[in-house]
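Results of the structural survey
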Amino acid sequence: MKAIIPTAGQGTRLYPHTHTKPKPMVRLAGRPILGHILESFTRTPVEEVVLVIGGPMKSQVVEYANSEYGTEFDFSFVEQASPEGLGHSIYQADPEISDEPVVIALGDMIFENGYSTFLEKDQSDRLDGLIGVKPVTEPQHYGVVDIDSDGIISSLVEKPDDPPSDLAISGVYIVHDSVALFDALDHLVSNGIRGAGNEYQLTDALQIMIDEGCQLGTFEVEEWYDCGRPDTLLEANRVCLDKVPISSDCDCQQSAIVEPVDIGENVDLSNCVIGPHVSIDDGARINNSIVQDSIVGRNSQLTNINIKSSIVGDNTEVVGNSQQLNVGDNSVVENL
Ligand code: G1P
């Protein structure tokens, strides 16, 4: 089975971090979001991965995938030249997919138990596709499915004002009839049929598959973490740190580490209290500070601060009495 991971979205809700890196390259709990997704695919039958890349920072995705997972997966990269929606993004993968089944995994979504359980569920199912769903309290913010009494999807609609159910599309799709999917996407794009947000929607293509006679079922996902916002990114960081024991082999001088934490290589801590739920990337230096529930980027320097629920980018220097921060890469914040 092949996987398609769209990574070309702009990630505007995660500015300023996505000014300098694609959203799937934003790091939490020891690796970028994309790394968590690929890591989870190593425990599945997926061997080939199509990454849909785009935008001026796309090379970061290519370099990371090849250098960290190049021996695990056979990667192909296709470019989405203009941001015209999720359906348009998946459509770019068409030349890489023949008539084999595909799993589509959104590049900003982390599932608590990864993708292996979804693909195991799929093995007992012979429908044309299966979509991961979860009941939510505000379905109007998602794609929404309606199912009939046999559990087959009768309709799907993207971000409806008047949702037909509370079952939100969660961002994992297993499609057996990939020919029907790409035919449907081709129909949308070739005819300029845009949907919600004036974009080509994957949800609309799935509706066309149903209209053409395909049978799509659902499976319920457990906890999911849309890493596309600062608060949900920090939540995903907490959950991943709680699940995976990570070593914290650092140069700690007169510092207390409150697990769980992830501390990268060549991190220098002195006179600090770090944790719980803190991820610190390689080369960071933190001095005389308290850091809780936060993500600290590569080679950043924090001095005399007390922060909680904060995200600090790479190569950033913060000095002073800050309490809650969301600063991007290459910044300086001083409070002298
Ligand atoms: C996309 C899909 C939507 C799905 C959501 C899950 O929307 O179009 O159907 O419910 O992901 O996060 P987006 O979040 O890109 O607006």
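Quick summary incoming for the structure in this document. Per chain, residues are indexed from 1 in the order of the written sequence. Residues qualify for local features only when their pLDDT is at least 70, as the model is predicted, and side-chain atom pairs are given and counted only at 80 or more; totals for whole chains, interfaces and linings, by contrast, use all residues. In computing side-chain properties, one takes all heavy atoms of the structure into account and sets aside hydrogens as well as water.

**Looking at the nonpolar core**
Core analysis: the biggest nonpolar cluster contains 85 residues, and Ile4 and Phe41 have the highest contact counts within it. Put simply, DSSP H or I for four residues or longer makes a helix, DSSP E for two residues or longer makes a strand, and each gets a number counted from the N terminus. Per-element tally for this core: the top contributor is strand β11 (residues 167-175), with 7 residues. Contacts: residue pairs with any heavy atoms within 4.5 Å of one another. Sequence-distant contacts of Phe41, that is, excluding residues within four places in its chain, are made with Ala3, Ile5, Val46, Phe73, Val103, Ala105 and Tyr115. Cys250, Val267, Cys272 and Ile305 belong to the second largest nonpolar core, which has 20 residues in total. Put simply, buried Ala, Val, Leu, Ile, Met, Phe, Trp, Tyr and Cys residues joined by side-chain atoms within 4.5 Å make one nonpolar core. Classification of residues uses two cut-offs on accessible area relative to the type maximum, computed with a 1.4 Å probe and protein chains only: under 20% is buried, over 50% is exposed, and between them is partly exposed.

**Some remarks on a nonpolar patch on the surface**
Judged by side-chain polarity, Val258, Val273 and Ile290 come together as a nonpolar surface patch covering roughly 180 Å² of accessible area. Locating Val273 in the fold gives a position in strand β18 (residues 273-274). What makes a patch is a set of residues exposed beyond 30% relative accessible area and free of salt bridges, joined within 9 Å when like-charged and within 5 Å when nonpolar (Val, Leu, Ile, Met, Phe, Trp, Tyr). What sets the accessible areas is the Shrake-Rupley method with a 1.4 Å probe; for residues, cover comes only from the shown protein chains. Note on definitions: salt bridges are taken to be side-chain nitrogens of Lys or Arg within 4 Å of carboxyl oxygens of Asp or Glu.

**What to know about the environment of Gln60**
Structurally, Gln60 can be placed in helix α3 (residues 58-69). Taking relative accessible area as the criterion, Gln60 reaches 24% and is therefore assigned partly exposed. Taking C-alpha positions, Gln60 is 29 Å from His141, a pair spaced 81 residues apart along the chain. Throughout this description, a polar contact denotes any pair of N or O atoms lying within 3.5 Å of each other; where both atoms belong to protein, one of them has to be capable of donating a hydrogen while the other can accept it, and for residues adjacent in sequence the pair is counted only when both atoms sit in side chains. Polar contacts involving the side chain of Gln60 include one to the main-chain carbonyl oxygen of Thr20, which spans 2.9 Å.

**Focus on the environment of Ala256**
Relative to the assigned elements, Ala256 resides in strand β15 (residues 256-257). Taking the relative accessible area as the measure of exposure, Ala256 reaches 36% and is therefore partly exposed. When the C-alpha positions of Ala256 and Val273 are compared, they lie 4.8 Å apart, and in sequence the two are 17 residues distant. The contacts of Ala256, once residues within four sequence positions are left out, are Cys272, Val273 and Ile274.

**Some details on the pairing of strand β1 (residues 2-6)**
The buried count for β1 comes to 5 of 5 residues, which makes it a mostly enclosed element. With burial as the criterion, each face of β1 is covered, one bearing Lys2, Ile4 and Pro6 and the other bearing Ala3 and Ile5. Two strands pair if DSSP finds at least two bridges between them. Examined bridge by bridge, β1 and strand β6 (residues 102-105) share 3 bridges and lie parallel to one another. Within β6, the position partnered with Ile4 by the bridge is Ile104. Pairing analysis gives 5 bridges linking β1 to strand β4 (residues 48-53), with the strands arranged parallel. Directly across from Ala3, in β4, lies its bridge partner Val49.

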